[in-house]
Amino acid sequence: MSKQQIVVVGAGVIGLTVANRLQSSNEFDVAVVAENIPDNVASSSMRSTAWASPWAGAHWRAWSNNQDTQLQSMEFDTYLALLDIAQNDPESGISIAPGIDLYEEFAGEKPWYAAKVRDSVDIPRENLPAGIKYGLQYTTLLINVPRYLVYLKSKFIGAGGRIHRHKLGHIREAIGFASKKPAGTPAIIVNCTGLGSRELGGVNDMDMYPIRGQTVVVYAPEAKRTITRIGSQFSYVIPRGDGTAVIGGTAERGCWDDRPDVQKTQTILRRTLELEPNLLSGGERVWADKSIGEKVNALKKAVVSINVGFRPAREGGVRLQAQTLCAPDSSEALDVVHCYGHAGYGYQSSIAFAESVYRMFKQRAAAA
C-alpha cells in the first residue's frame, strides 16, 4: 500500500519540524519545497529577510501570557522536547543554560512557566536591576539557529525526505513536487510559509504582518546565560554556544524596513551591556570603573554582524487549519493544511505544533 504523499511548503523552523515529524513516522512520503533552504553558513550569510528563521536568537522563553493556556501547552511541550534533544544530541545546536527574565511591571501574579520549568527561583528584590519589579531565574534552552536548521534538514533527508529549492507563485504548484510513485491518493500540501502566506497565490492571507527585529551578533565567549528584559526597554542577550551571542532587540509591529538603524544598534549595545557585563572580556572585574560609552566602544569591536529580520505574526494568532481549495476552472480540489503565523515563538513552540499537524493527518486517516 502506497503512503500518503505530502508536500511541505517552507523550510523555516516550522516547515522543517513538521516535515521531520511526518517523515519520521514512516507513515507518509514527504517532500519540502521552498525558496530558501538552510545551508552550512552563518545566518548573516542568509540574505533573505523575508525568511524569518535564520534571523532568530533563539532561546526558549515563554511568549504566552497567563491566560493563553493553549499556547502555554505548545510552548511547554516543546520545552520538554528541546531539553531531551539537548541532552541526547550534541550535534543539534541546542544547549542547556541558565535563563533570567526581568519584568519592568509586576501585578503580583507570577508568569505561568515559573511553576513549570526546571530550577525556577525568584530573584530577590534587592538583587534586581533598577527599573525591574520581578525577576525569575530558571533552566532554559539556547538554540544556535544556523546549526539547528541544518540539523533539521539533515535529519529529514536522512529519514528519506526530499527537499526542492523553488519559489512558488501559487500553492497549487506544490503538487508538482510530490513523489512520482504510481497510484495512491493525491498529495496533501502543508503550508508553512510564514510571512510568505501574504503573497502566495491561493493563500494571500492579509492578516499576516511583520514584527521587525533588529539584532547584533557579537563575539562574547564569556556570556553564558540568556537574559531578557521585558517592558518598554525590551532587550536580550542570547549566547549561541559557539562563542557568539545574539543581542537585541526591537519589536516593531508592521514595519517592513530591512535596513539596520544605526541609533538602534547603539541602543542595543548599551542596554545589553547593562544586562550582561560579561559581553566584554573580564566583565565587571575589568570594566567596573569604565563609562558606558567606553564599554559600548569596546563591544563595537566584537561585532560580527548587524541583522534585521521579520517575525511572521498574524491577526488572531497561528493559522492551524485544514482547507480544501477549489479552483474556478473546476480542476481537482487541493487539500491543504495551514500552519503559519508563529510571530516570535516559532522555535519555542515548533515541536508541539508539528505534533498537532501530525495528529490532524492521523484523524483524517481514521475518518477515511
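Check the entry above for the structure.
Conventions used here
Residues numbered from 1 in each chain as written. Predicted model: local features only at pLDDT ≥ 70, side-chain atom pairs only at ≥ 80, totals over all residues. Heavy atoms only, no water. Salt bridge = Lys/Arg side-chain N within 4 Å of Asp/Glu carboxyl O. Helix = DSSP H or I, 4+ residues; strand = E, 2+ residues; numbered from the N terminus. Buried < 20%, exposed > 50% of the residue type's maximum accessible area, 1.4 Å probe, protein only. Expected span 1.5 Å × (residues − 1). Axes fitted to C-alpha atoms, helices over the stretch in contact; angles between N-to-C directions. Parallel < 35°, antiparallel > 145°, perpendicular 65-115°, else oblique. Contact = heavy atoms within 4.5 Å. Nonpolar A, V, L, I, M, F, W, Y, C, P; charged D, E, K, R; others polar. Phe/Tyr/Trp six-rings, centres within 6.5 Å; stacked < 30°, edge-to-face > 60°. Lys NZ or Arg CZ within 6 Å of the ring centre and 35° of its normal. Bend = angle between axes of the 7 residues up to and from the residue. Pairing = 2+ DSSP bridges. Polar contact = N/O pair within 3.5 Å; in protein donor to acceptor, adjacent residues only side chain to side chain. Core = buried A, V, L, I, M, F, W, Y, C linked by side-chain atoms within 4.5 Å.

Q: How should I be thinking about the pattern of salt bridges in this particular structure?
A: Using the criterion set out here, one finds 17 salt bridges in the structure. For Lys110, the salt bridge identified is with Asp122, shortest N-O distance 2.7 Å. Pair noted here: Lys110 is in the loop between β3 (94-103) and β4 (121-122) and Asp122 is in strand β4, with a separation of 12 residues, a long-range link. The exposure class assigned to Asp122 is partly exposed, which follows from its relative accessible area of 32%. Residue Glu315 is joined to Arg253 by a salt bridge in which the shortest nitrogen-to-oxygen separation is 2.3 Å. Of the two residues, Glu315 is situated in the loop between β13 (303-314) and β14 (319-325) and Arg253 in strand β12 (residues 252-253); the sequence distance between them amounts to 62 residues. Using a relative accessible area of 54% as the deciding quantity, one classes Arg253 as exposed.

Q: Is there a simple way to explain helix α3 (residues 145-158) in this structure?
A: Because an α-helix packs 3.6 residues into every turn, residues spaced three or four apart end up facing the same way. For α3, built from 14 residues, the straight-helix expectation of 20 Å at 1.5 Å per residue is met to within 8% by its first-to-last C-alpha distance of 20 Å. By the burial criterion, the buried members of α3 are Val145, Pro146, Tyr148, Leu149, Val150, Tyr151, Leu152, Lys153 and Phe156. Just downstream of α3 lies Gly160, where phi reads positive at about 100 degrees.

Q: In this structure, what is going on with the packing of helix α2 (residues 69-88) against helix α7 (residues 346-367)? I would like to understand it.
A: Each pair of packed helices can be described by the angle between their axes along with the distance between the axes. It is at 7 Å that the axes of α2 and α7 come closest, and there the two elements cross at 100 degrees. When the axes of α2 and α7 are compared, the pair comes out roughly perpendicular. Together, Leu71, Met74, Glu75, Asp77, Thr78, Ala81, Leu82 and Ile85 of α2 and Tyr347, Gln348, Ser349, Ser350, Ile351, Ala352, Phe353 and Ser356 of α7 make up the contact between the two elements. Residues of the contact of α2 with α7, tallied by class, amount to nine nonpolar, five polar and two charged.

Q: Teacher, can you tell me more about the packing of aromatic side chains here?
A: Think of a pair of aromatic rings as described by two things: how far the centres are apart, and how the planes are tilted against each other in angle. For the coordinates displayed, the defined rule picks out 15 aromatic pairs. Centre to centre, the rings of Phe106 and Tyr134 are 4.5 Å apart; their planes meet at 15 degrees, and the pair counts as stacked. Placement of the pair is Phe106 in the loop between β3 and β4 and Tyr134 in strand β5 (residues 134-143), with a sequence separation of 28 residues. Note on Tyr148 and Tyr151: the rings are 5.9 Å apart at their centroids and 20 degrees apart in plane angle, and the pair reads as stacked. With Tyr148 and Tyr151 both in helix α3 and three residues apart, the pair spans about one turn of that helix. By the burial criterion, Tyr148 is buried, and Tyr151 matches it. Of note, Arg253 hangs over the ring of Tyr209, and the distance from its end group to the ring centre comes to 4.1 Å.

Q: Explanation requested: α7 in the structure shown.
A: Between its first and last C-alpha, α7 extends 30 Å over 22 residues, near the 32 Å set by a 1.5 Å rise per residue. Of all the bends in α7, the largest measures some 30 degrees and sits at Ala352. Every buried residue of α7 is listed here: Gly346, Tyr347, Gln348, Ser349, Ser350, Ala352, Phe353, Ala354, Ser356, Val357, Tyr358 and Phe361.

Q: Whenever I open this one, the packing of helix α4 (residues 262-275) against helix α6 (residues 292-300) confuses me. Can you help?
A: One way to put it is that α4 packs onto α6 with a least axis distance of 10 Å and a crossing angle of 110 degrees. The angle between α4 and α6 places the two elements in the roughly perpendicular class. Contacts between α4 and α6 involve Gln266, Leu269, Arg270, Leu273 and Glu274 from the first element and Ile292, Lys295, Val296, Leu299 and Lys300 from the second. In the contact of α4 with α6, the residues fall into five nonpolar, one polar and four charged.

Q: I'm lost on the sheet that holds strand β15 (residues 334-340) in this one. Help?
A: Within a sheet, each strand pairs with its neighbour through backbone hydrogen bonds, oriented either parallel or antiparallel. In spatial order, the strands read β6-β2-β1-β7-β15-β14; together these six strands make up an open sheet with mixed pairing. The open sheet has two edge strands, β6 (162-165) and β14, and neither has a second partner. Across the sheet, the mean angle separating the axes of adjacent strands is 20 degrees when strand polarity is ignored. The sheet contact formed by strand β1 (residues 4-9) and strand β2 (residues 28-34) spans six bridges and is parallel. Across the sheet, residue Ile6 finds its bridge partner in β2, namely Val30. Each of β1, β2, β6, β7 (188-191) and β15 is contacted by helix α1 (residues 13-24), which is oriented at about 165 degrees to β2, the strand it contacts most.

Q: Got a minute to help me understand the side chain of Ser25 in this structure?
A: Tracing the chain through its elements places Ser25 in the loop between α1 and β2. By relative accessible area, Ser25 is classed as buried at 17%. Separated by 2.6 Å, the side chain of Ser25 and the backbone oxygen of Leu22 make a polar contact.

Q: When you look at the nonpolar core in this model, what are you seeing that I'm missing?
A: Among soluble globular proteins, nonpolar side chains are generally buried collectively. Counting residues in each nonpolar core, the largest one holds 60 residues, and the members touching the most others are Trp60, Tyr148 and Val190. Once residues within four sequence positions are removed from consideration, Tyr148 is found in contact with Val13, Leu82, Ile85, Ser92, Ile94, Ile143, Tyr347 and Ile351. Of all hydrophobic cores here, the second largest spans 20 residues; its members include Val7, Val33, Ala178 and Val336.

Q: Would you explain unusual backbone geometry in this entry?
A: Peptide bonds are, in most cases, trans, and in most cases residues other than glycine have a negative phi. The residue after Gly248, namely Gly249, is reached through a cis peptide bond having omega 5 degrees. Along the chain, Gly249 turns up in the loop between β11 (244-248) and β12. Residues other than glycine seldom take positive phi values, yet Asp119 does so here, at roughly 60 degrees. The phi torsion at Ala343 lies on the positive side, around 45 degrees, for a residue other than glycine. Note that Ala343 resides in the loop between β15 and α7.

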